[in-house]
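# Structure at a glance
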Amino acid sequence: MEKPHVDFGIKLFGADAMAIPGLYTYVQGLIKDQVANMYLWPKALEVQIMDPAKAMQKPVGILNVKVLRAMKLKKKDLIGASDPYVKLKLTDDKLPSKKTTVKHRNLNPEWNEEFGLVVKDPESQALELQVYDWEKVGHHDKMGMNVIPLKDITPEEPREMTLDLLKNMDPNDTRNEKSRGQVVVEVLYKPFKGDEIPPDMDGPNSVQKAPEGTPEGGGLLVVILHEAQDVEGKYHTNPSARILFRGEEKKTKRIKKNRDPRWEEEFQFTLEEPPTDDKLHVEVISTSSRMGLLHPKETLGCIGINLADVVNNKRINEKYHLIDSKNGRIQIELQWRAS
């Protein structure tokens, strides 16, 4: 394809500078190739989003991970202690990372929390563990990480592993020589037998099973209050969230002077039957301890959520508009873990 003709002119003090002998030819040759190439079309750009072979892979097993504890974590905050939690996922997995609960003000936290991760290629995938310091405002600081290649795990054999936390997985990075503490996990890889794959094991709404001791026929209702946005009080804005369910009340921590609070707190309710006909009530409130205030407590908004959807879908993670709030929204994740 021929390049299109590019013409131009340059005015200098009202005169045509291109009238200077030789200048027009020189300038045209200088910019012609670079400018003209920008207008050549059609052009095709091939971008391979995913390896077709990997995209067609089916689940071959389940990796059970029990996050036991962390030890000797290094404090990230200059003032006060750290609030650690663990994120875990398999490499080459497009599903969101799973998270433990946050252990506030603790550099030697114990979780004993179990997770199930779907395995598609045990020869190439690895379990990635990252420990973060939870923050009320702003990004969460990474305290350290490590990985466990699945090929190093013997199927059907539970194994407890103590991992040193690293800055990254670059073996030549001298920052990995710094002590960041350790995390202890127990892993068990269970390959599926034959062609049988448990239903819903590979979906984005898959959740772990309820813990042992959960009533038969019942389960565990998990409520995760992530954050709220654009909440504002008339007299003060120190938001916390309150959950009301079957006469039981649970609360998040209060965050002072913040219209966009971030809680990332998890609450659990053990139930003897699915809450198909129940409703969960969540209220965002602001309280102030200042003396002499006529309004020490005020409501910033509320929402009622029917739980039939979470029983049917197993997991819901949505933002809801708060009632009695001008622009307020709250992000709530709900899980139903059947026994």
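Heads up: these notes are all about the structure in this document. (Residues numbered from 1 in each chain as written. Predicted model: local features only at pLDDT ≥ 70, side-chain atom pairs only at ≥ 80, totals over all residues. Heavy atoms only, no water.)

In this structure, Leu221, Val223, Leu225, Ile330 and Ile332 are the most contacted members of the largest nonpolar core, which totals 29 residues. Mapped by element, the contributors of at least two residues to this core are strand E11 (219–229), strand E12 (239–245), strand E14 (262–271), strand E15 (279–287), strand E16 (297–306), helix H3 (308–313), strand E17 (315–321) and strand E18 (329–338). Those residues in contact with Ile332, other than ones at most four positions away along the chain, are Val223, Ile224, Leu225, Val282, Ile303, Ile305, Ile316, Asn317, Glu318 and Tyr320. Formed by 26 residues, the second largest nonpolar core is a distinct cluster that contains Val65, Leu117, Leu163 and Val185. (Core = buried A, V, L, I, M, F, W, Y, C linked by side-chain atoms within 4.5 Å. Buried < 20%, exposed > 50% of the residue type's maximum accessible area, 1.4 Å probe, protein only. Helix = DSSP H or I, 4+ residues; strand = E, 2+ residues; numbered from the N terminus. Contact = heavy atoms within 4.5 Å.)

The next point concerns the sheet that holds E12. Spatially, the four strands line up as an open sheet ordered E13-E12-E15-E16, and their pairing is antiparallel. For this open sheet the edge positions go to strand E13 (248–251) and E16, each flanked by a neighbour on one side alone. Going across the sheet, the axis of each strand differs from the next one's by a mean of 20 degrees, ignoring polarity. The sheet contact formed by E15 and E16 spans nine bridges and is antiparallel. If you follow Ser286 over to E16, its bridge partner there is Glu298. (Pairing = 2+ DSSP bridges. Axes fitted to C-alpha atoms, helices over the stretch in contact; angles between N-to-C directions.)

On to the packing of aromatic side chains, then. Taken as a whole and assessed by the stated rule, the structure comprises two aromatic pairs. Centroid distance Tyr85 to Tyr132: 5.9 Å. Interplanar angle 20 degrees. Geometry classified as stacked. Taken as a pair, Tyr85 in strand E4 (residues 84–90) and Tyr132 in strand E7 (residues 126–133) lie far apart in primary sequence, 47 residues in all. In this structure Tyr85 comes out as buried when scored by relative accessible area, which is 7%. Overall, the relative accessible area of 14% leaves Tyr132 in the buried class. The ring of Phe269 carries Lys250 above its face, with NZ or CZ at 5.1 Å from the centroid. (Phe/Tyr/Trp six-rings, centres within 6.5 Å; stacked < 30°, edge-to-face > 60°. Lys NZ or Arg CZ within 6 Å of the ring centre and 35° of its normal.)

This part takes up the side chain of Glu113. Position of Glu113 relative to the elements: it lies in strand E6 (residues 110–119). Buried and unpaired, Glu113 has Lys103 as its nearest opposite-charge partner, separated by 4.8 Å. When neighbours within four sequence positions are excluded, Glu113 is seen to be in contact with Val65, Lys66, Val67, Lys99, Thr100 and Thr101. (Lys, Arg positive; Asp, Glu negative; His and termini not counted. Salt bridge = Lys/Arg side-chain N within 4 Å of Asp/Glu carboxyl O.)

This next bit is on the sheet that holds strand E3 (residues 61–71). Read from one edge to the other, the open sheet built from four strands follows the order E6-E3-E10-E9, with strand pairing classed as antiparallel. The open sheet has two edge strands with one neighbour each: E6 and strand E9 (159–164). The mean angle between the axes of side-by-side strands here comes to 25 degrees, regardless of whether they run parallel or antiparallel. In this sheet, strand E10 (residues 182–191) lies alongside E3 in antiparallel orientation, the contact comprising 10 bridges.

Turning our attention to the pairing of E13. In the sheet, E12 pairs with E13 via four bridges, with the strands oriented antiparallel. Across the sheet, residue Phe245 finds its bridge partner in E13, namely Glu248. The turn linking E12 back onto E13 is made up of two residues, and Arg246 within it adopts a positive phi angle of 50 degrees.

One non-glycine residue with positive phi stands out, namely Asp92, at about 60 degrees. Within the secondary structure, Asp92 sits in the loop between E4 and strand E5 (98–99). The phi dihedral of Asp230 falls on the positive side, at around 55 degrees, and the residue is not glycine. Position of Asp230 among the secondary structure elements: in the loop between E11 and E12. The exposure class of Asp230 is partly exposed, given its relative accessible area of 27%.

Following the sequence through the fold, Glu265 ends up in strand E14. Of the side chains bearing the opposite charge, Lys253 lies closest to the buried Glu265, which forms no salt bridge; the N-O distance is 6.3 Å. Of note is the side chain of Glu265, whose polar atom sits 3.0 Å from the backbone nitrogen of Lys253. Once residues lying within four places of it in the same chain are set aside, the contact partners of Glu265 are Val223, Ile224, Leu225, Lys251, Thr252 and Lys253. (Polar contact = N/O pair within 3.5 Å; in protein donor to acceptor, adjacent residues only side chain to side chain.)

With that settled, the discussion passes to the pattern of salt bridges. Side-chain pairs of opposite charge can arise where the charged atoms are in close proximity. Across all of its chains, the model carries 12 salt bridges by this definition. Measuring nitrogen to oxygen at the nearest pair gives 2.8 Å for the salt bridge that ties Asp173 to Arg175. Its relative accessible area of 14% is what places Asp173 among the buried residues. With a closest N to O distance of 3.9 Å, Arg259 and Asp230 form a salt bridge. One end of the pair, Arg259, is in the loop between E13 and E14; the other, Asp230, is in the loop between E11 and E12, and 29 residues separate them in sequence. The network of salt bridges with shared partners includes Asp230, Glu232, Arg259 and Arg329.

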